[in-house]
Amino acid sequence: MKKDNNRNYNKSYNITTFGCQMNERDSETLAGMLEELGYVENANRKEADVAIINTCSVRENADKRFFGTLGQLKRAKEERPETVIAVCGCMMQQQHIIDTLKAKYPWVDLVFGTHNIHKFPELLTNILNERNKIIDIWDEGGDIIEGLPAKRMHPFKAYVNIMYGCNNFCTYCIVPYTRGRERSRHPEDIVREVKTLAESGVKEITLLGQNVNSYGNIREFPQDFTDLIYMLSDIDGIQRIRFMTSHPKDMSDKLIQAFKECDKLCNNIHLPVQSGSTRILARMNRKYTKEDYLLLIKKLRAAVPEIAITTDIITGFPGETEEDFNETMDLIEKVRFDSAFTFLYSIRKGTPAEKYTEQVPEEVKHERFNRLVNRLNDISQEINKSYEGRTVMVLVEGKSKTNPRMITGRTETGKLVNFKGPLEIAGQIVPVKITESKTFSLNGEIIDENYR
Ligand code: 5AD
Ligand code: SF4
(Lines give C-alpha, C1' and ligand atoms only; values in the text may rest on other atoms or scores of the structure.)
(Ligands and ions follow the chains in the order given, each with its own letter.)
Protein backbone atom coordinates (compact mmCIF):
# COMPACT_ATOMS: atom_id res chain seq x y z
CA MET A 1 0.00 0.00 0.00
CA LYS A 2 1.33 3.47 -0.92
CA LYS A 3 0.94 5.13 2.42
CA ASP A 4 2.12 8.63 1.83
CA ASN A 5 0.90 9.49 -1.66
CA ASN A 6 -2.66 8.69 -0.75
CA ARG A 7 -2.94 10.25 2.69
CA ASN A 8 -6.29 11.80 3.42
CA TYR A 9 -5.70 14.29 6.21
CA ASN A 10 -8.76 15.25 8.26
CA LYS A 11 -10.97 12.75 6.53
CA SER A 12 -13.01 10.38 8.62
CA TYR A 13 -14.55 6.93 8.42
CA ASN A 14 -17.27 4.99 10.15
CA ILE A 15 -17.81 1.24 10.05
CA THR A 16 -21.12 -0.35 11.07
CA THR A 17 -20.68 -4.05 11.74
CA PHE A 18 -23.47 -6.61 11.81
CA GLY A 19 -23.15 -10.26 12.74
CA CYS A 20 -20.49 -12.52 14.14
CA GLN A 21 -16.93 -12.18 15.47
CA MET A 22 -15.59 -12.93 11.99
CA ASN A 23 -17.22 -9.75 10.78
CA GLU A 24 -15.90 -7.79 13.76
CA ARG A 25 -12.45 -9.04 12.91
CA ASP A 26 -12.87 -8.07 9.23
CA SER A 27 -13.97 -4.59 10.32
CA GLU A 28 -10.75 -4.29 12.36
CA THR A 29 -8.85 -4.94 9.13
CA LEU A 30 -10.88 -2.34 7.22
CA ALA A 31 -10.29 0.20 10.02
CA GLY A 32 -6.55 -0.59 9.96
CA MET A 33 -6.42 0.01 6.20
CA LEU A 34 -8.31 3.29 6.47
CA GLU A 35 -6.01 4.54 9.24
CA GLU A 36 -2.99 3.70 7.09
CA LEU A 37 -4.59 5.90 4.45
CA GLY A 38 -4.80 8.72 7.00
CA TYR A 39 -8.48 8.52 7.93
CA VAL A 40 -9.67 8.95 11.51
CA GLU A 41 -12.63 7.22 13.12
CA ASN A 42 -15.94 9.11 13.29
CA ALA A 43 -18.61 7.84 15.65
CA ASN A 44 -21.37 9.33 13.49
CA ARG A 45 -21.89 7.36 10.30
CA LYS A 46 -23.93 10.15 8.70
CA GLU A 47 -21.01 12.58 8.99
CA ALA A 48 -18.17 10.30 7.92
CA ASP A 49 -16.35 10.77 4.60
CA VAL A 50 -16.29 7.02 4.13
CA ALA A 51 -19.20 5.06 5.63
CA ILE A 52 -18.97 1.28 5.44
CA ILE A 53 -21.62 -1.25 6.41
CA ASN A 54 -20.23 -4.74 6.98
CA THR A 55 -23.20 -7.08 6.63
CA CYS A 56 -24.39 -10.43 7.97
CA SER A 57 -26.79 -12.80 6.24
CA VAL A 58 -27.25 -15.54 8.81
CA ARG A 59 -30.85 -14.56 9.51
CA GLU A 60 -33.52 -12.48 7.80
CA ASN A 61 -33.53 -9.97 10.64
CA ALA A 62 -29.93 -9.02 9.83
CA ASP A 63 -30.92 -8.34 6.19
CA LYS A 64 -33.71 -6.03 7.33
CA ARG A 65 -31.44 -4.11 9.71
CA PHE A 66 -28.90 -3.63 6.93
CA PHE A 67 -31.42 -2.12 4.50
CA GLY A 68 -32.73 0.12 7.30
CA THR A 69 -29.24 1.43 8.07
CA LEU A 70 -28.46 1.91 4.39
CA GLY A 71 -31.70 3.87 3.99
CA GLN A 72 -30.47 6.32 6.64
CA LEU A 73 -27.38 7.09 4.57
CA LYS A 74 -29.37 8.32 1.54
CA ARG A 75 -29.76 11.78 3.11
CA ALA A 76 -26.04 11.97 3.99
CA LYS A 77 -25.15 11.21 0.37
CA GLU A 78 -27.58 13.87 -0.91
CA GLU A 79 -26.20 16.52 1.42
CA ARG A 80 -22.54 15.65 0.79
CA PRO A 81 -22.20 13.84 -2.56
CA GLU A 82 -18.44 13.38 -2.02
CA THR A 83 -19.19 10.93 0.82
CA VAL A 84 -18.26 7.36 -0.13
CA ILE A 85 -20.89 4.78 0.86
CA ALA A 86 -19.49 1.25 0.85
CA VAL A 87 -21.16 -2.07 1.66
CA CYS A 88 -19.44 -5.40 2.16
CA GLY A 89 -19.64 -8.73 3.99
CA CYS A 90 -21.73 -11.88 3.67
CA MET A 91 -24.89 -10.35 2.15
CA MET A 92 -22.89 -9.16 -0.85
CA GLN A 93 -22.04 -12.74 -1.81
CA GLN A 94 -25.68 -13.26 -2.79
CA GLN A 95 -26.83 -12.22 -6.28
CA HIS A 96 -30.37 -11.30 -5.21
CA ILE A 97 -28.92 -8.75 -2.76
CA ILE A 98 -26.74 -7.20 -5.47
CA ASP A 99 -29.81 -6.96 -7.73
CA THR A 100 -31.76 -5.19 -4.97
CA LEU A 101 -28.91 -2.76 -4.31
CA LYS A 102 -28.65 -1.89 -8.00
CA ALA A 103 -32.39 -1.39 -8.34
CA LYS A 104 -33.24 0.45 -5.14
CA TYR A 105 -30.12 1.90 -3.51
CA PRO A 106 -28.36 4.04 -6.14
CA TRP A 107 -26.49 6.03 -3.47
CA VAL A 108 -24.13 3.12 -2.81
CA ASP A 109 -20.65 3.77 -4.32
CA LEU A 110 -18.77 0.58 -3.54
CA VAL A 111 -19.84 -3.04 -3.11
CA PHE A 112 -17.30 -5.73 -2.25
CA GLY A 113 -17.53 -9.19 -0.70
CA THR A 114 -15.94 -11.48 1.86
CA HIS A 115 -13.11 -12.71 -0.39
CA ASN A 116 -11.53 -9.42 -1.48
CA ILE A 117 -11.30 -7.29 1.64
CA HIS A 118 -7.56 -6.92 0.98
CA LYS A 119 -8.47 -5.00 -2.20
CA PHE A 120 -10.40 -2.34 -0.29
CA PRO A 121 -7.72 0.44 -0.36
CA GLU A 122 -7.33 0.02 -4.12
CA LEU A 123 -11.10 0.05 -4.71
CA LEU A 124 -11.51 3.14 -2.52
CA THR A 125 -8.68 5.03 -4.24
CA ASN A 126 -10.22 4.16 -7.57
CA ILE A 127 -13.58 5.58 -6.52
CA LEU A 128 -12.02 8.77 -5.14
CA ASN A 129 -10.03 9.34 -8.32
CA GLU A 130 -12.59 8.34 -10.92
CA ARG A 131 -15.85 9.03 -9.05
CA ASN A 132 -17.45 5.99 -10.56
CA LYS A 133 -19.28 3.15 -8.82
CA ILE A 134 -17.66 -0.24 -8.28
CA ILE A 135 -19.18 -3.63 -7.63
CA ASP A 136 -16.43 -6.21 -7.11
CA ILE A 137 -17.48 -9.61 -5.77
CA TRP A 138 -15.33 -12.73 -5.93
CA ASP A 139 -17.02 -16.13 -5.91
CA GLU A 140 -14.26 -17.95 -4.06
CA GLY A 141 -11.38 -16.97 -1.79
CA GLY A 142 -7.92 -17.26 -3.28
CA ASP A 143 -4.80 -17.68 -1.18
CA ILE A 144 -5.05 -16.35 2.36
CA ILE A 145 -3.51 -12.87 2.44
CA GLU A 146 -1.24 -12.37 5.45
CA GLY A 147 0.06 -9.16 6.97
CA LEU A 148 -2.95 -6.88 6.49
CA PRO A 149 -3.15 -4.00 8.97
CA ALA A 150 -5.71 -4.05 11.78
CA LYS A 151 -7.04 -1.55 14.25
CA ARG A 152 -7.83 -3.73 17.25
CA MET A 153 -10.97 -2.91 19.20
CA HIS A 154 -9.75 -4.05 22.60
CA PRO A 155 -6.32 -3.50 24.19
CA PHE A 156 -6.18 -6.75 26.23
CA LYS A 157 -8.12 -9.29 24.24
CA ALA A 158 -8.05 -10.04 20.54
CA TYR A 159 -9.76 -12.13 17.92
CA VAL A 160 -7.42 -14.20 15.78
CA ASN A 161 -8.68 -15.84 12.59
CA ILE A 162 -7.29 -19.32 12.18
CA MET A 163 -9.43 -20.49 9.30
CA TYR A 164 -11.95 -19.18 6.82
CA GLY A 165 -15.05 -20.70 5.26
CA CYS A 166 -17.05 -23.81 6.03
CA ASN A 167 -17.52 -27.21 4.37
CA ASN A 168 -20.38 -28.48 6.51
CA PHE A 169 -23.49 -27.33 4.66
CA CYS A 170 -25.95 -27.49 7.53
CA THR A 171 -29.21 -27.31 5.59
CA TYR A 172 -30.43 -24.05 7.21
CA CYS A 173 -27.17 -22.14 6.90
CA ILE A 174 -26.03 -19.61 4.33
CA VAL A 175 -22.41 -19.37 5.52
CA PRO A 176 -20.86 -22.01 3.20
CA TYR A 177 -22.24 -19.99 0.28
CA THR A 178 -21.10 -16.58 1.54
CA ARG A 179 -17.74 -17.50 3.07
CA GLY A 180 -16.68 -20.26 0.67
CA ARG A 181 -14.73 -23.45 1.34
CA GLU A 182 -12.58 -24.15 4.38
CA ARG A 183 -9.05 -22.73 4.29
CA SER A 184 -6.68 -22.77 7.28
CA ARG A 185 -3.94 -20.26 8.00
CA HIS A 186 -0.46 -21.68 8.41
CA PRO A 187 0.34 -22.19 12.13
CA GLU A 188 3.53 -20.14 11.83
CA ASP A 189 1.57 -17.14 10.53
CA ILE A 190 -0.82 -17.47 13.47
CA VAL A 191 2.03 -17.77 15.99
CA ARG A 192 3.68 -14.68 14.51
CA GLU A 193 0.46 -12.68 14.83
CA VAL A 194 -0.16 -13.81 18.40
CA LYS A 195 3.43 -12.97 19.43
CA THR A 196 2.93 -9.44 18.10
CA LEU A 197 -0.36 -9.18 19.98
CA ALA A 198 1.29 -10.38 23.20
CA GLU A 199 4.06 -7.79 22.78
CA SER A 200 1.41 -5.07 22.49
CA GLY A 201 -0.17 -6.14 25.82
CA VAL A 202 -2.88 -8.57 24.72
CA LYS A 203 -3.58 -11.17 27.45
CA GLU A 204 -6.43 -13.16 25.94
CA ILE A 205 -6.93 -14.48 22.44
CA THR A 206 -10.04 -15.98 20.88
CA LEU A 207 -9.29 -18.21 17.92
CA LEU A 208 -11.93 -17.76 15.25
CA GLY A 209 -13.29 -20.07 12.58
CA GLN A 210 -16.69 -21.41 11.49
CA ASN A 211 -15.55 -24.84 12.64
CA VAL A 212 -12.21 -24.57 14.45
CA ASN A 213 -12.18 -28.31 15.21
CA SER A 214 -11.46 -29.05 11.59
CA TYR A 215 -8.53 -26.60 11.50
CA GLY A 216 -5.81 -28.05 9.31
CA ASN A 217 -7.96 -30.84 7.84
CA ILE A 218 -7.31 -29.48 4.39
CA ARG A 219 -3.68 -28.50 4.75
CA GLU A 220 -0.07 -28.47 3.81
CA PHE A 221 1.16 -28.74 7.41
CA PRO A 222 1.02 -31.50 10.03
CA GLN A 223 -0.52 -29.65 12.98
CA ASP A 224 -4.17 -30.01 13.96
CA PHE A 225 -6.26 -27.65 16.09
CA THR A 226 -5.05 -29.00 19.43
CA ASP A 227 -1.41 -28.78 18.32
CA LEU A 228 -2.05 -25.16 17.41
CA ILE A 229 -3.45 -24.45 20.90
CA TYR A 230 -0.31 -25.87 22.50
CA MET A 231 1.92 -23.84 20.17
CA LEU A 232 0.08 -20.65 21.12
CA SER A 233 0.11 -21.48 24.82
CA ASP A 234 3.93 -21.32 24.70
CA ILE A 235 3.82 -17.61 23.88
CA ASP A 236 4.81 -15.44 26.85
CA GLY A 237 2.27 -12.83 27.86
CA ILE A 238 -0.76 -14.70 26.53
CA GLN A 239 -2.63 -15.88 29.59
CA ARG A 240 -5.96 -17.05 28.24
CA ILE A 241 -6.93 -18.88 25.06
CA ARG A 242 -10.51 -19.30 23.88
CA PHE A 243 -11.97 -20.40 20.58
CA MET A 244 -15.19 -20.36 18.63
CA THR A 245 -17.04 -22.00 17.03
CA SER A 246 -16.58 -25.73 17.29
CA HIS A 247 -18.77 -28.35 15.66
CA PRO A 248 -19.71 -31.32 17.89
CA LYS A 249 -19.07 -33.83 15.08
CA ASP A 250 -15.37 -32.89 14.95
CA MET A 251 -14.65 -32.60 18.66
CA SER A 252 -11.65 -34.86 19.33
CA ASP A 253 -10.64 -36.61 22.55
CA LYS A 254 -7.28 -34.91 22.07
CA LEU A 255 -8.97 -31.49 22.35
CA ILE A 256 -10.97 -32.59 25.41
CA GLN A 257 -7.69 -33.66 27.00
CA ALA A 258 -6.20 -30.24 26.22
CA PHE A 259 -8.91 -28.60 28.35
CA LYS A 260 -7.52 -30.61 31.24
CA GLU A 261 -3.82 -30.23 30.51
CA CYS A 262 -3.33 -26.82 28.95
CA ASP A 263 -3.52 -24.20 31.71
CA LYS A 264 -4.06 -21.32 29.36
CA LEU A 265 -7.02 -22.91 27.56
CA CYS A 266 -10.06 -21.45 29.35
CA ASN A 267 -12.64 -23.74 30.96
CA ASN A 268 -15.30 -22.55 28.59
CA ILE A 269 -16.64 -23.94 25.33
CA HIS A 270 -19.26 -22.78 22.87
CA LEU A 271 -20.67 -25.95 21.36
CA PRO A 272 -23.76 -25.28 19.20
CA VAL A 273 -26.28 -28.11 19.48
CA GLN A 274 -29.03 -26.51 17.32
CA SER A 275 -31.67 -29.10 18.35
CA GLY A 276 -32.17 -31.92 20.84
CA SER A 277 -34.06 -34.08 18.35
CA THR A 278 -31.98 -36.66 16.50
CA ARG A 279 -34.54 -36.59 13.68
CA ILE A 280 -34.24 -32.80 13.25
CA LEU A 281 -30.43 -32.96 13.60
CA ALA A 282 -30.38 -35.37 10.65
CA ARG A 283 -32.57 -33.00 8.59
CA MET A 284 -30.19 -30.20 9.54
CA ASN A 285 -27.27 -32.34 8.27
CA ARG A 286 -25.47 -31.95 11.59
CA LYS A 287 -24.04 -35.50 11.54
CA TYR A 288 -24.49 -36.28 15.27
CA THR A 289 -27.36 -37.55 17.41
CA LYS A 290 -28.74 -36.26 20.69
CA GLU A 291 -26.90 -39.12 22.41
CA ASP A 292 -23.59 -38.26 20.68
CA TYR A 293 -23.91 -34.70 21.95
CA LEU A 294 -24.73 -35.79 25.50
CA LEU A 295 -21.74 -38.14 25.48
CA LEU A 296 -19.46 -35.27 24.44
CA ILE A 297 -20.75 -33.16 27.33
CA LYS A 298 -20.12 -36.06 29.69
CA LYS A 299 -16.53 -36.39 28.46
CA LEU A 300 -15.91 -32.65 28.73
CA ARG A 301 -17.26 -32.55 32.29
CA ALA A 302 -15.30 -35.66 33.24
CA ALA A 303 -12.12 -33.92 32.06
CA VAL A 304 -12.97 -30.51 33.57
CA PRO A 305 -15.91 -30.59 36.02
CA GLU A 306 -16.21 -26.79 36.23
CA ILE A 307 -16.23 -26.18 32.45
CA ALA A 308 -18.84 -23.63 31.32
CA ILE A 309 -20.76 -24.76 28.25
CA THR A 310 -22.71 -22.43 25.98
CA THR A 311 -24.65 -23.22 22.82
CA ASP A 312 -26.82 -22.12 19.89
CA ILE A 313 -30.36 -23.47 19.49
CA ILE A 314 -32.80 -22.97 16.61
CA THR A 315 -36.56 -23.31 17.19
CA GLY A 316 -39.05 -23.98 14.42
CA PHE A 317 -36.78 -25.71 11.93
CA PRO A 318 -39.03 -27.08 9.11
CA GLY A 319 -40.79 -30.25 10.24
CA GLU A 320 -40.10 -29.69 13.97
CA THR A 321 -42.98 -31.28 15.90
CA GLU A 322 -43.93 -30.74 19.54
CA GLU A 323 -42.23 -34.06 20.23
CA ASP A 324 -38.99 -32.89 18.56
CA PHE A 325 -39.13 -29.66 20.53
CA ASN A 326 -39.60 -31.58 23.78
CA GLU A 327 -36.38 -33.44 22.95
CA THR A 328 -34.65 -30.05 22.93
CA MET A 329 -36.27 -29.13 26.26
CA ASP A 330 -35.07 -32.47 27.64
CA LEU A 331 -31.55 -31.92 26.34
CA ILE A 332 -31.24 -28.53 28.05
CA GLU A 333 -32.25 -30.12 31.36
CA LYS A 334 -29.59 -32.77 30.92
CA VAL A 335 -26.81 -30.44 29.81
CA ARG A 336 -27.65 -27.34 31.87
CA PHE A 337 -25.99 -24.77 29.59
CA ASP A 338 -24.38 -21.76 31.22
CA SER A 339 -26.04 -19.68 28.52
CA ALA A 340 -27.43 -20.07 25.03
CA PHE A 341 -28.07 -18.04 21.91
CA THR A 342 -31.55 -18.89 20.70
CA PHE A 343 -32.81 -18.33 17.16
CA LEU A 344 -36.14 -18.50 15.42
CA TYR A 345 -35.56 -20.48 12.24
CA SER A 346 -35.45 -18.11 9.29
CA ILE A 347 -35.53 -19.18 5.65
CA ARG A 348 -32.28 -18.44 3.79
CA LYS A 349 -32.45 -18.25 0.01
CA GLY A 350 -30.35 -20.88 -1.72
CA THR A 351 -30.07 -23.28 1.26
CA PRO A 352 -31.57 -26.82 1.12
CA ALA A 353 -34.01 -26.09 3.98
CA GLU A 354 -35.57 -23.30 1.91
CA LYS A 355 -37.21 -26.04 -0.15
CA TYR A 356 -38.51 -28.01 2.85
CA THR A 357 -42.27 -27.89 2.69
CA GLU A 358 -43.20 -28.33 6.37
CA GLN A 359 -42.42 -24.80 7.53
CA VAL A 360 -43.50 -24.27 11.15
CA PRO A 361 -46.17 -21.54 11.61
CA GLU A 362 -44.78 -18.29 13.06
CA GLU A 363 -46.90 -18.38 16.22
CA VAL A 364 -45.80 -21.97 17.00
CA LYS A 365 -42.15 -21.02 16.44
CA HIS A 366 -42.49 -18.03 18.80
CA GLU A 367 -44.34 -19.98 21.48
CA ARG A 368 -41.62 -22.67 21.52
CA PHE A 369 -38.93 -20.02 21.47
CA ASN A 370 -40.39 -18.32 24.56
CA ARG A 371 -40.74 -21.60 26.45
CA LEU A 372 -37.12 -22.45 25.61
CA VAL A 373 -35.69 -19.04 26.54
CA ASN A 374 -37.56 -18.95 29.87
CA ARG A 375 -36.13 -22.29 30.92
CA LEU A 376 -32.63 -21.49 29.62
CA ASN A 377 -32.64 -18.24 31.58
CA ASP A 378 -33.73 -19.99 34.77
CA ILE A 379 -30.87 -22.48 34.37
CA SER A 380 -28.36 -19.66 33.71
CA GLN A 381 -29.56 -17.94 36.85
CA GLU A 382 -29.26 -21.12 38.89
CA ILE A 383 -25.70 -21.69 37.67
CA ASN A 384 -24.76 -18.06 38.29
CA LYS A 385 -26.16 -18.31 41.81
CA SER A 386 -23.67 -21.08 42.53
CA TYR A 387 -20.91 -18.49 42.05
CA GLU A 388 -22.11 -16.44 45.05
CA GLY A 389 -19.50 -16.42 47.80
CA ARG A 390 -16.79 -17.85 45.55
CA THR A 391 -13.59 -16.04 44.62
CA VAL A 392 -12.85 -16.05 40.90
CA MET A 393 -10.01 -14.68 38.76
CA VAL A 394 -11.21 -11.87 36.51
CA LEU A 395 -9.39 -10.38 33.52
CA VAL A 396 -10.28 -6.70 33.89
CA GLU A 397 -11.40 -5.15 30.61
CA GLY A 398 -12.24 -1.56 31.63
CA LYS A 399 -15.19 0.56 32.64
CA SER A 400 -18.57 -1.20 32.96
CA LYS A 401 -20.94 -0.34 30.11
CA THR A 402 -23.98 -0.30 32.37
CA ASN A 403 -22.53 1.50 35.41
CA PRO A 404 -19.66 3.98 34.88
CA ARG A 405 -18.66 3.73 38.57
CA MET A 406 -17.87 0.05 38.18
CA ILE A 407 -15.20 -1.82 36.27
CA THR A 408 -15.84 -5.01 34.42
CA GLY A 409 -14.15 -8.18 33.26
CA ARG A 410 -14.62 -11.89 32.63
CA THR A 411 -13.93 -15.06 34.55
CA GLU A 412 -12.11 -17.93 32.91
CA THR A 413 -15.55 -19.50 32.39
CA GLY A 414 -16.62 -16.41 30.42
CA LYS A 415 -18.93 -14.85 33.05
CA LEU A 416 -19.20 -11.07 33.03
CA VAL A 417 -18.34 -9.61 36.46
CA ASN A 418 -18.94 -6.00 37.56
CA PHE A 419 -17.16 -4.61 40.61
CA LYS A 420 -15.65 -1.45 42.12
CA GLY A 421 -11.97 -0.83 41.52
CA PRO A 422 -9.47 1.50 39.84
CA LEU A 423 -9.47 1.64 36.05
CA GLU A 424 -5.67 1.35 36.12
CA ILE A 425 -5.91 -2.38 36.78
CA ALA A 426 -7.43 -2.96 33.32
CA GLY A 427 -5.45 -5.74 31.64
CA GLN A 428 -4.68 -7.50 34.93
CA ILE A 429 -6.14 -10.76 36.20
CA VAL A 430 -7.38 -10.14 39.74
CA PRO A 431 -9.26 -12.12 42.42
CA VAL A 432 -12.88 -11.05 42.88
CA LYS A 433 -15.35 -12.40 45.43
CA ILE A 434 -18.83 -12.80 43.94
CA THR A 435 -21.45 -11.09 46.09
CA GLU A 436 -24.52 -11.18 43.84
CA SER A 437 -25.65 -13.12 40.78
CA LYS A 438 -27.99 -12.18 37.94
CA THR A 439 -29.14 -13.99 34.79
CA PHE A 440 -26.47 -12.51 32.52
CA SER A 441 -23.80 -11.20 34.91
CA LEU A 442 -22.27 -11.31 38.38
CA ASN A 443 -21.42 -8.56 40.87
CA GLY A 444 -18.41 -8.82 43.13
CA GLU A 445 -15.80 -7.21 45.35
CA ILE A 446 -12.12 -7.18 44.61
CA ILE A 447 -10.21 -9.18 47.23
CA ASP A 448 -6.94 -7.24 47.22
CA GLU A 449 -7.25 -4.31 49.70
CA ASN A 450 -4.87 -2.21 47.62
CA TYR A 451 -7.35 -2.09 44.76
CA ARG A 452 -10.55 -1.18 46.62
N1 5AD B 1 -32.19 -19.52 10.97
C2 5AD B 1 -32.03 -19.39 12.30
N3 5AD B 1 -30.83 -19.49 12.90
C4 5AD B 1 -29.77 -19.73 12.12
N5 5AD B 1 -28.47 -19.88 12.43
C6 5AD B 1 -27.78 -20.09 11.29
N7 5AD B 1 -28.62 -20.08 10.23
C8 5AD B 1 -29.86 -19.88 10.73
C9 5AD B 1 -31.15 -19.76 10.14
N10 5AD B 1 -31.35 -19.90 8.83
C11 5AD B 1 -27.95 -19.84 13.80
C12 5AD B 1 -27.29 -21.18 14.20
C13 5AD B 1 -25.82 -20.83 14.20
C14 5AD B 1 -25.85 -19.38 14.61
C15 5AD B 1 -24.63 -18.60 14.33
O16 5AD B 1 -26.93 -18.85 13.88
O17 5AD B 1 -27.73 -21.51 15.50
O18 5AD B 1 -25.08 -21.63 15.10
FE1 SF4 C 1 -23.24 -22.85 9.09
FE2 SF4 C 1 -23.10 -25.41 9.88
FE3 SF4 C 1 -20.94 -24.20 8.78
FE4 SF4 C 1 -21.76 -23.47 11.24
S5 SF4 C 1 -20.99 -25.51 10.65
S6 SF4 C 1 -21.18 -22.09 9.55
S7 SF4 C 1 -24.01 -23.66 11.08
S8 SF4 C 1 -22.88 -24.63 7.76
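Residues numbered from 1 in each chain as written. Chains lettered and ligands numbered in written order. Predicted model: local features only at pLDDT ≥ 70, side-chain atom pairs only at ≥ 80, totals over all residues. Heavy atoms only, no water.

**Comments concerning the overall build of the chain**
The line we're drawing: Counting from the N terminus, the helices are DSSP H or I runs at least four residues long and the strands are E runs at least two residues long. Between buried and exposed lies partly exposed: a residue is buried under 20% and exposed over 50% of the maximum accessible area for its type, with that area taken using a 1.4 Å probe on protein chains only. Only heavy atoms enter the contact rule, under which two residues are in contact if any of them lie within 4.5 Å. Per-residue and other accessible areas follow the Shrake-Rupley method at a 1.4 Å probe size, with only the shown protein chains counted as cover for residues. Working convention for charge: Lys and Arg count positive, Asp and Glu count negative, and His plus the chain ends are omitted. For this purpose, a charge sits on NZ of Lys, CZ of Arg, CG of Asp or CD of Glu.
Counting secondary structure elements, the chain contains 12 helices and 19 strands. In terms of overall dimensions, the chain has a C-alpha envelope of 60 × 60 × 45 Å along the principal axes. Residues counted as buried form 54% of the 452 residues belonging to the chain. Here the analysis covers contacts within the chain between residues at least 6 apart in sequence; of these, 73% occur between residues at least 24 apart. If you sum the accessible surface of the chain, you get close to 20,400 Å²; carbon and sulfur atoms cover 48% of it. For the chain, the centre of its 64 positive side-chain charges and the centre of its 65 negative side-chain charges are spaced 3 Å apart.

**What about the packing of helix H2 (residues 60-79) against helix H3 (residues 95-104)?**
Spelled out, the test is: Fitting a line to C-alpha atoms yields each axis, with helices limited to the stretch in contact; the angle taken between N-to-C directions then spans 0 to 180 degrees. Roughly parallel means an angle under 35 degrees; roughly antiparallel means over 145; roughly perpendicular covers 65 to 115; every other angle is labelled oblique. Note: crossing handedness is left-handed where the near helix turns anticlockwise from the far helix by less than a right angle, and right-handed where it turns clockwise. Each residue gets one label: Ala, Val, Leu, Ile, Met, Phe, Trp, Tyr, Cys and Pro are nonpolar, Asp, Glu, Lys and Arg are charged, and the others, such as Gly, are polar.
Packing of H2 against H3 leaves a shortest axis separation of 13 Å and a crossing angle of 20 degrees. The orientation of H2 relative to H3 falls into the category roughly parallel. In this structure, H2 crosses over H3, and the sense of that crossing is right-handed. Judged by residue contacts, Asp63, Phe66, Phe67 and Leu70 of H2 engage Ile97, Thr100 and Leu101 from H3. Here the contact of H2 with H3 is composed, by residue class, of 5 nonpolar, 1 polar and 1 charged.

**So, the domain arrangement of the chain**
Condition: Throughout the structure description, domain borders are defined by an automatic or database domain assignment. Here the buried area means the combined drop in accessible surface, using a 1.4 Å probe, for two parts upon being joined, counting both sides. Salt bridge criterion: a side-chain nitrogen from Lys or Arg within 4 Å of a carboxyl oxygen from Asp or Glu. Any pair of N or O atoms that falls within 3.5 Å is considered a polar contact. Within protein, one atom must be able to donate a hydrogen and the other to accept it, and sequence-neighbouring residues count only if both atoms are side-chain atoms.
Segmentation of the chain into domains returns domain 1 (12-136), domain 2 (152-266), domain 3 (299-385) and domain 4 (391-451). Once you take the C-alpha centre of each, domain 2 and domain 3 turn out to be 25 Å apart. Taken together, the contact between domain 2 and domain 3 spans 10 residues of the former and 15 residues of the latter. Across the domain 2 to domain 3 interface the summed buried area is about 1,100 Å²; carbon plus sulfur atoms make up 72%. Inspection of the domain 2/domain 3 interface yields 1 salt bridge. We note a salt bridge from Asp253 to Lys299, for which the minimum N-O separation is 3.0 Å. At the junction of domain 2 and domain 3, the tally comes to 2 residue pairs in polar contact (both at pLDDT 80 or more). Here the side of domain 2 that touches domain 3 gets 4 residues from one element, more than from any other, and that element is helix H8 (residues 253-261).

**What to know about the site of ligand 1**
Heads up, the condition is: Think of it this way: one heavy atom of a residue within 4 Å of a molecule or strand is enough to make that residue near it.
If you check the shell around ligand 1, you find Val58, Arg59, Tyr172, Gln274, Asp312, Ile314, Phe343, Leu344, Tyr345, Ser346 and Arg348 and nothing else. Note that an oxygen atom of ligand 1 is positioned 2.6 Å from one of the side-chain N or O atoms of Asp312. In the model, a nitrogen atom of ligand 1 is placed 2.8 Å from a nitrogen or oxygen of the Ser346 main chain. Within the complex, the protein chains bury 86% of what would otherwise be the 400 Å² of accessible surface of ligand 1. For the shell around ligand 1, the secondary-structure elements that each account for two or more residues are strand S13 (308-315) and strand S14 (339-344). For the shell around ligand 1, the per-class residue count stands at 6 nonpolar, 2 polar and 3 charged.

**Topic: the packing of helix H6 (residues 187-199) against helix H7 (residues 225-233)**
The interhelical angle for the contact between H6 and H7, taken along N-to-C directions, is 30 degrees, at an axis separation of 10 Å. It follows from the interaxial angle that H6 and H7 lie roughly parallel. For the element pair H6 and H7, the recorded crossing hand is right-handed. Where H6 abuts H7, its residues Pro187, Ile190, Val191 and Val194 lie against Leu228, Met231 and Leu232. Partitioned by chemical class, the residues of the contact of H6 with H7 number 7 nonpolar, no polar and no charged.

**Side note on the sheet that holds strand S10 (residues 204-208)**
Put simply, the rule is: Two strands are counted as paired when DSSP detects at least two bridges linking them.
Here 3 strands make up an open sheet; going across it, the order is S7-S10-S11 and the pairing parallel. The open sheet terminates on both sides in strands that have one partner only, identified here as strand S7 (157-161) and strand S11 (240-244). Geometrically, the sheet is characterised by an average inter-axis angle of 25 degrees between neighbouring strands, direction not taken into account. Note: S7 against S10, 5 bridges, orientation parallel. Bridge pairing links Tyr159 to Thr206 in S10. With respect to the sheet, helix H1 (residues 21-36) is in contact with S7, S10 and S11, its orientation differing from that of S7 by roughly 100 degrees.

**Notes on the site of ligand 2**
Taken together, Cys166, Asn168, Phe169, Cys170, Tyr172, Cys173, Val175, Pro176, Gln210, His247 and Arg286 make up the full set of residues near ligand 2. Residues belonging to the shell around ligand 2 are distributed by class as follows: 7 nonpolar, 3 polar and 1 charged.

**Side note on the pattern of salt bridges**
All chains considered together, the criterion is met by 40 salt bridges. The partner of Glu28 in a salt bridge is Arg152, and the shortest N-O contact between them spans 3.6 Å. Residue Glu28 is found in helix H1, and its partner Arg152 is found in the loop between strand S6 (134-136) and S7; the two are separated by 124 residues along the sequence. Here Glu193 and Arg152 are joined by a salt bridge, their closest N and O atoms 2.5 Å apart. Taken together, the residues Glu193 in helix H6 and Arg152 in the loop between S6 and S7 connect sequence positions 41 residues apart. Exposure remark for Glu193: the relative accessible area of 15% places this residue in the buried category. Residue class for Arg152 comes out partly exposed when judged on its relative accessible area of 24%. By sharing partners, the salt bridges in this structure join Arg25, Glu28, Glu146, Arg152, Arg185 and Glu193 into a single network.

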